[in-house]
Amino acid sequence: MKRTRKIKIILCSVILVTFFFAAFYNGLVVRKYIVHSDKLKTEECFRIVLLADLHNHIHGEDQTKLISLIQKQKPDMIALAGDIADDEASLKGTERLLEGLQGLTPTYYVTGNHEYWSNDVENIKNTIRKYDVTILEHNYEPMLVNNTSIIVGGVDDPEIIKYEKPGMDWRGEMETAFAPLQDHPNFKILLSHRPELIETYEESNFDLVLSGHAHGGQARIPFILNGLLAPNQGWFPKYAGGAYDLDTFTLIVSRGLSYNPRLPRIFNPPEVVVVDVAGGTP
């Protein structure tokens, strides 16, 4: 009896330790998604690494852990979907990351709300430009990747209205900027920090939207709850993190790269998102 009781105690202890380790693990993970499109030929494909909500957090000495993990994915394009910088922390984490990635592959960036909250957004943008990153501000660019012609567009965060352009018709300017793409046959990607602006994206005629902002809903319960609370979505956010196949496009939301020990993430480790875009149907 004593031996049986001891075994049960040991097993329960192991289960509890494993549970808490998994729940509060804050090391980097890689999350992979595949998006199929008949706008690409069957043999065509390319890889995007999506990074969001770094908030200048540093993973390893001078971002070595994060840079190494990204390099291992061998991306054809890197998408920085906002809040790569922060309104409180220094730019060191952002600069070390971009310095390590410089020259690896074409890299595109859009602002998040925290860049505007810093009241230093132009300095942040100029710093990012130094590392050969293309900043998208309600505009788009053609890109040739693995002999496949695509379109990459991006929008400034809506906080631009409060901090830089009072009275700006954010949605209207987006419609005007991307109107020439209405019947464009190429695969089109949009970088926009906010996943909750789903109705706007539905009208934008993009095939893939890459976002962040939700931080994975902060706390998750695998297979049960995908997010507890997210900015601008509130409790039990619909678009907390993951891939969402909608009527006319796919939305992929990064759970972000930052970690704050004062507000721990639960079953929600910082992530590097890998998106493989391939021709044909699943």
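The subject of this paragraph is the packing of helix α2 (residues 64-72) against helix α3 (residues 92-101). Here α2 crosses α3 at 35°, and the two axes come no closer than 9 Å. Considering how the two elements wind past one another, α2 and α3 form a crossing that is right-handed. Every residue of α3 that contacts α2 at L66, I67, I70 and Q71 is listed here: R96, L97, G100 and L101. Its residues assigned to classes, the contact of α2 with α3 shows five nonpolar, two polar and one charged.

Bringing α3 into the picture now. For α3, the complete set of buried residues consists of G93, T94, E95, L97, L98 and L101. Its buried side turned inward, α3 meets β2 (45-51), α2, β3 (77-81) and α5 (121-129). Looking one or two residues past α3, G103 carries a phi angle of roughly 85°, positive in sign.

Mapped onto the secondary structure, V133 falls in the loop between α5 and β5 (134-135). A relative accessible area of 8% places V133 in the buried class. Sequence-wise, V133 and Y109 are 24 residues apart; in three dimensions their C-alpha atoms are separated by 6.8 Å. Once residues within four sequence positions are removed from consideration, V133 is found in contact with L80, L98, T107, Y108, Y109 and I128.

Attention now goes to the pairing of strand β6 (residues 139-145). Across seven bridges, the pairing between β6 and strand β7 (residues 148-154) is antiparallel. Following the sheet pairing, P142 is matched in β7 by I151. Once β6 ends, the chain turns through two residues before running back antiparallel as β7, passing N146 with a positive phi of about 50°.

Definitions and limits used
- Residues numbered from 1 in each chain as written.
- Predicted model: local features only at pLDDT ≥ 70, side-chain atom pairs only at ≥ 80, totals over all residues.
- Heavy atoms only, no water.
- Axes fitted to C-alpha atoms, helices over the stretch in contact; angles between N-to-C directions.
- Helix = DSSP H or I, 4+ residues; strand = E, 2+ residues; numbered from the N terminus.
- Left-handed = near helix turned anticlockwise from the far one by under 90°.
- Contact = heavy atoms within 4.5 Å.
- Nonpolar A, V, L, I, M, F, W, Y, C, P; charged D, E, K, R; others polar.
- Buried < 20%, exposed > 50% of the residue type's maximum accessible area, 1.4 Å probe, protein only.
- Pairing = 2+ DSSP bridges.

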